[in-house]
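# Residue-level structure breakdown
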Amino acid sequence: MGRAPSEPPDGDRAVNWPGHCPGGTARRHRQNHRRSPPGRARRLTRPGAGCDHETVSALEDDGAGVTVRLSDGTTARWDLVVGFDGIGSPLRGHLYGDRYAPAYTGFANWRVTVPRHPGVQGVVMATAGREAKALLTPITDELMYLGAVFAETEDFRPDPERAHEELAKRLGVFSGPVAEALAAVTDPAAVVYSRISQVTVDEPWHVGRVVLAGDAAHASTPHLAQGAAMAVEDALVLAESLDAAPSVPAALEAWEARRRPRVMWVQAMSHAVLKQEMGAPTTAEEDALLEIGVPGAAHVLAKPY
């Protein structure tokens, strides 16, 4: 995120936006837009538009701006570089090494898209003791997700040729719509397995004019379904802070002071819900959060802050 070296007339300016590309490793968007009024986020291009599959090779922050070299050999200079590059953020590694690598929670998520059962009119959650949880989530009139969470060792990976059989073995205790959905899973390549991890960058989210945001700075477990929402809020509040503050450093301090308590609350609540659902011991602090519960969390997050 930043300002190009020059601005065209009438307040338009060309901007490159580094980030992840659908089907690739990095992207540069180039677009023209008008200056937004204070408190308004800048307009971005649609996902994938003007997308180049490149990575950031080097960053040089001299305090007044950041010079970025991309893998295609091109360079540009920006006021600010912001990395919304996910839980495995290469930019986080550039700033902090391996100090804030994703922390595995001990649980993993299996999911697959299947034909929607006519009886599934909303989200269906089924549990089998403390060992298993399955979720059916409609996504269209014809399709739904089958998701399941299990305790798994950190080094476990399903056999690519037998992933559907391994999922069936774990869900064998279920009947009804879960069993019917499972019967439709015949392709091992359709099964997506992901460890549930989280990231907490305890140090400032920015070093100079290079910034981490979204999952790169504060990835949570998915139990409040707030990951994308927190990233979007990061972007909107950052835009507001940059408009309101007298300098980039002041904007970054104000942005993080406003965002950190909220995203840390989401992370703590999400992790508490995961532990409760899987029958893991919870702390007194987590028990207090669980008294609020998921419906209560929605009301908390809806309030202005």
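Residues numbered from 1 in each chain as written. Predicted model: local features only at pLDDT ≥ 70, side-chain atom pairs only at ≥ 80, totals over all residues. Heavy atoms only, no water.

Per the counting criterion, the structure on display carries 13 salt bridges. For R99, the salt bridge identified is with E203, shortest N-O distance 2.9 Å. With R99 in the loop between helix 1 (90–96) and strand 7 (103–115) and E203 in the loop between strand 11 (192–198) and strand 12 (206–207), this pair connects stretches of sequence that are 104 residues apart. The shortest N-O distance in the salt bridge between R260 and E256 comes to 2.6 Å. One end of the pair is R260 and the other is E256, both in helix 6 (residues 248–277) and four residues apart, which spans about a single turn. It is possible to trace a salt-bridge network through shared partners that takes in E233, D234, R259 and R262. (Salt bridge = Lys/Arg side-chain N within 4 Å of Asp/Glu carboxyl O. Helix = DSSP H or I, 4+ residues; strand = E, 2+ residues; numbered from the N terminus.)

Glancing now at a nonpolar patch on the surface. Judged by side-chain polarity, I139, L143 and Y145 come together as a nonpolar surface patch covering roughly 250 Å² of accessible area. Following the sequence through the fold, I139 ends up in the loop between strand 9 (132–138) and strand 10 (143–151). (Patch = residues over 30% accessible without salt bridge, like charges linked within 9 Å, V, L, I, M, F, W, Y side chains within 5 Å. Areas by Shrake-Rupley, 256 points an atom, 1.4 Å probe, with all protein chains shown as cover.)

Across five bridges, the pairing between strand 8 (residues 124–128) and strand 9 is antiparallel. Counted as the bridge partner of V124 is L136 from strand 9. Bridge count for strand 9 against strand 10 is six bridges, and the pairing is antiparallel. The partner of L135 across the bridge, within strand 10, is G147. (Pairing = 2+ DSSP bridges.)

A separate point is the environment of L59. Looking at the element boundaries, L59 is found in strand 3 (residues 56–61). With 16 residues separating them along the chain, L59 and T75 place their C-alpha atoms 9.7 Å apart. Apart from the residues lying within four places of it in its own chain, the contact partners of L59 are V66, T67, V68, V81, L91, H94 and V210. (Contact = heavy atoms within 4.5 Å.)

Averaged over all residues, the pLDDT of the protein chain is 84; the fraction at 70 or higher stands at 82%. Across residues 1–50 the pLDDT falls below 50, and counting only partners more than four positions away or on other chains, this stretch makes 112 contacts in the model. (pLDDT = per-residue confidence, 0-100.)

This next bit is on the sheet that holds strand 3. Spatial strand order, 3-4-5: three strands in an open sheet with antiparallel pairing. The strands lining the two open edges of the sheet, one partner per strand, are strand 3 and strand 5 (75–78). Between one strand axis and the next, the sheet turns through 20° on average, direction left out of account. Here strand 3 runs beside strand 4 (residues 66–70); their pairing, made up of five bridges, is antiparallel. (Axes fitted to C-alpha atoms, helices over the stretch in contact; angles between N-to-C directions.)

Attention shifts here to the side chain of R92. Along the chain, R92 turns up in helix 1. Among the polar contacts listed, one links the side chain of R92 to the backbone oxygen of I87, at a separation of 2.6 Å. For R92, the side chain forms a polar contact with the main-chain oxygen of A216, separated by 2.9 Å. Not counting residues up to four positions away in its chain, the partners in contact with R92 are G86, I87, G97, Y100, A101, P102, V199, V201, L212, D215 and A216. (Polar contact = N/O pair within 3.5 Å; in protein donor to acceptor, adjacent residues only side chain to side chain.)

Strand order in the open sheet made by the three strands is 6-13-12, with mixed pairing throughout. With partners counted over all chains shown, the strands left at the sheet margins are strand 6 (81–83) and strand 12, one partner each. Note: strand 6 against strand 13 (residues 210–212), three bridges, orientation parallel. Along strand 13, the bridge assignment pairs V81 with V210.

Within helix 3 (residues 176–183) the residues assigned to the buried category are V178, A181 and L182. The buried residues of helix 3 occupy an angular sector of 100° when projected down its axis, which confines them to one face. (Buried < 20%, exposed > 50% of the residue type's maximum accessible area, 1.4 Å probe, protein only. Arc of directions from axis to C-beta.)

Let us now look at the packing of aromatic side chains. The tally for this structure, following the rule as stated, stands at five aromatic pairs. Measuring from ring centre to ring centre gives 5.0 Å for W110 and Y193, while their planes differ by 75°; the resulting arrangement is edge-to-face. Here Y193 lies in strand 11 and W110 lies in strand 7, a separation of 83 residues in the sequence. Like W110, the residue Y193 is buried in the burial classification. Between F156 and Y193 the ring centres are 5.5 Å apart and the planes differ by 80°, which places this aromatic pair in the edge-to-face class. Residue F156 is found in the loop between strand 10 and helix 2 (163–170), and its partner Y193 is found in strand 11; the two are separated by 37 residues along the sequence. Using a relative accessible area of 15% as the deciding quantity, one classes Y193 as buried. These aromatic residues form a ring-pair network of at least three members: W110, F156 and Y193. Here the guanidinium or amino end of R195 rests over the ring plane of Y104, the centre of that ring lying 5.7 Å away. Against the face of Y305 rests R258, its NZ or CZ located 5.1 Å from the ring centre. (Phe/Tyr/Trp six-rings, centres within 6.5 Å; stacked < 30°, edge-to-face > 60°. Lys NZ or Arg CZ within 6 Å of the ring centre and 35° of its normal.)

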